[in-house]
Amino acid sequence: MIQTARTLTSVSIVSQGQISASKSFIHKFLKVKYYKSARRIYCSNTANSMPEFSKRIKSTDAPCIVEMQRMLAGTEDVMSLAQGIVHWAPPAVALNEAMDNVTNPRVHQYAPDIGLPELRSALAQKLKTENGLTKSDVMVTAGANQAFMNVAVTLLDGGGKTVLFSPYYFNHLMALQMTGNPVLVAECDKDFVPDMDKLGAMLQSDADIKAVVLCNPCNPSGIVTPLATLERCAALCKEAGVWLVVDNTYEYFMYDGAEHGCVEGDNIVNMFSFSKAFGMMGWRIGYIAFPQKGPMRDELLKVQDTIPVCAGVLNQLVALSALQDAGKDWVMEHVHSLEENRAIVLDALSPLGADAIAPSNGAIYLWARLPADCIDDKQIVEWLVRKHGVCVIPGSACGVPGYIRIAFANLHKDKCILAAERLKRGLHQLVTDNNL
């Protein structure tokens, strides 16, 4: 009987009819009490037997960067102005720190969940001197995306409504979707600055709103939120008794005289990242600045200990060296070098017309409206890849169909020129011919 049961596990049953026809066979060799178990053995090889995935995950948007990578798979000579990365590596002094410590037994052990003490101390000083945040505690995370997930899980119960401003960062939306928190989309003004009048009306009319999320400067639009607007947002959130969560990943990336500002309060959480500023995308180091007052530290630690336990120890040491030994001056030198790339890509967008280009003054992105009859922005992106060998991000991934996001920091100047030439030719054809 055991041998027969083993034989049954190797039989591939693909239809209910075959299963029914085999019942008599099963009864001959197995006792009735084993029948249901044997039937499950048969059914285990059918597609319908797979358990369901989480409804929250199934309803979460697919990551657009992964979709872009799939689109590019197998293609040749396609240049990317899509993914938000910088073309520079971390400071040499920080990489030397990595090499000096790679055999240090310390880096093979767990660090404190909240982060290495020396890195947290340096970050607290940075927050005070550069950001004006003097009442914030610090948690080191495995990148800013993990920081946002920590915050979302800590602050929001499934069902708590969260406001995102359109266009939004797609990973913010995805984190809220997979944690079961409904998203309300608020509008920006004509210059893509978050509209505080509309936010105020939303907060007054809906008592179920638990948090407001801002990305400053904005990914994807590249718009810097003025400090006065940020302060009004903080006041509205405090009055309504909701959390304000601000993603400051691109704090150093400012152009045309724009300035980055931060706000602080008992209901405000700020997030930062080493990825773009220090060229440390793959090192995955971010951090959360959260209120010292109150129990938030203990609540955040529950999430931190469950997900990464701690950010990589070697990674944290590299971040510490980048912060202390290279610092803001090193970052600003690299940011200033992007001015040429930015101008090159701005020119590439000229076929769309000046009024179609958002007045972006921060981050590493430009944001542009496609012609009115180009509703399917994904189709346009695929066409640009296929016909012109250049890739950008469709605006629909950020909640605004009919737009595109163009990154200008991921290529050195010479390659950026080539990619921009391809984009300009494609957009010119789109505007003049509109024949995909």
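Here the structure is a predicted model, which means the values were calculated and not measured.

(A) The pairing of strand E2 (residues 136-141), seen in detail. In terms of burial, E2 is largely enclosed, as six of its six residues are buried. Both faces of E2 are covered, namely the face carrying Ser136, Val138 and Val140 and the face carrying Asp137, Met139 and Thr141. The sheet contact formed by E2 and strand E8 (residues 286-291) spans six bridges and is antiparallel. Bridging from a neighbouring strand, Asp137 pairs with Phe290 of E8.

(B) Representation of the pairing of strand E3 (residues 161-165) in the model. With four of its five residues buried, E3 lies for the most part within the structure. Where E3 and strand E5 (residues 209-215) come together, four bridges link them in parallel fashion. Residue pairing for E5: Leu164 is matched across the bridge by Val213. Both E3 and strand E4 (residues 183-186) contribute to a ladder of four bridges, which runs parallel. Its bridge partner being in E4, Phe165 is matched across the sheet by Ala186. Note that the unit made of E3, helix H10 (residues 170-178) and E4 has a crossover that is right-handed.

(C) Summary view of the pattern of salt bridges. By the definition in use, this model includes 17 salt bridges. The shortest N-O distance in the salt bridge between Glu52 and Lys58 comes to 3.0 Å. Each member of the pair, Glu52 as well as Lys58, is classed as exposed. In this structure, Glu340 and Lys413 form a salt bridge, with 2.9 Å as the shortest nitrogen-oxygen distance. Of this pair, Glu340 sits in helix H15 (residues 338-348) while Lys413 sits in helix H17 (residues 413-432), and the two are 73 residues apart along the sequence. Shared partners join several salt bridges into a network, and the residues in it are Arg120, Asp137 and Arg297.

(D) Just the sheet that holds strand E11 (residues 393-394), in detail. Across the sheet, three strands lie side by side as E9-E12-E11; this open sheet has antiparallel pairing. The open sheet is flanked by strand E9 (365-369) and E11, the only strands paired with a single partner. Of the strand pairs in this sheet, E11 and strand E12 (residues 403-407) are connected by two bridges, and their pairing is antiparallel. Bridged to Pro394 within E12 is Ile404.

(E) Expanded view of the sheet that holds E4. Here we have seven strands laid out as an open sheet, ordered E2-E8-E7-E6-E5-E3-E4, and mixed in their pairing. At either end of the open sheet lies a strand with only one pairing partner, and these are E2 and E4. Adjacent strand axes in the sheet meet at a mean angle of 20°, parallel and antiparallel pairs treated alike. Across the face of the sheet, H10 comes into contact with E3, E4, E5 and strand E6 (243-247) while running at roughly 170° to E3.

Calculation rules
Residues numbered from 1 in each chain as written. Predicted model: local features only at pLDDT ≥ 70, side-chain atom pairs only at ≥ 80, totals over all residues. Heavy atoms only, no water. Buried < 20%, exposed > 50% of the residue type's maximum accessible area, 1.4 Å probe, protein only. Helix = DSSP H or I, 4+ residues; strand = E, 2+ residues; numbered from the N terminus. Pairing = 2+ DSSP bridges. Right-handed = clockwise from strand over helix to strand, strands pointing away. Salt bridge = Lys/Arg side-chain N within 4 Å of Asp/Glu carboxyl O. Axes fitted to C-alpha atoms, helices over the stretch in contact; angles between N-to-C directions. Contact = heavy atoms within 4.5 Å.

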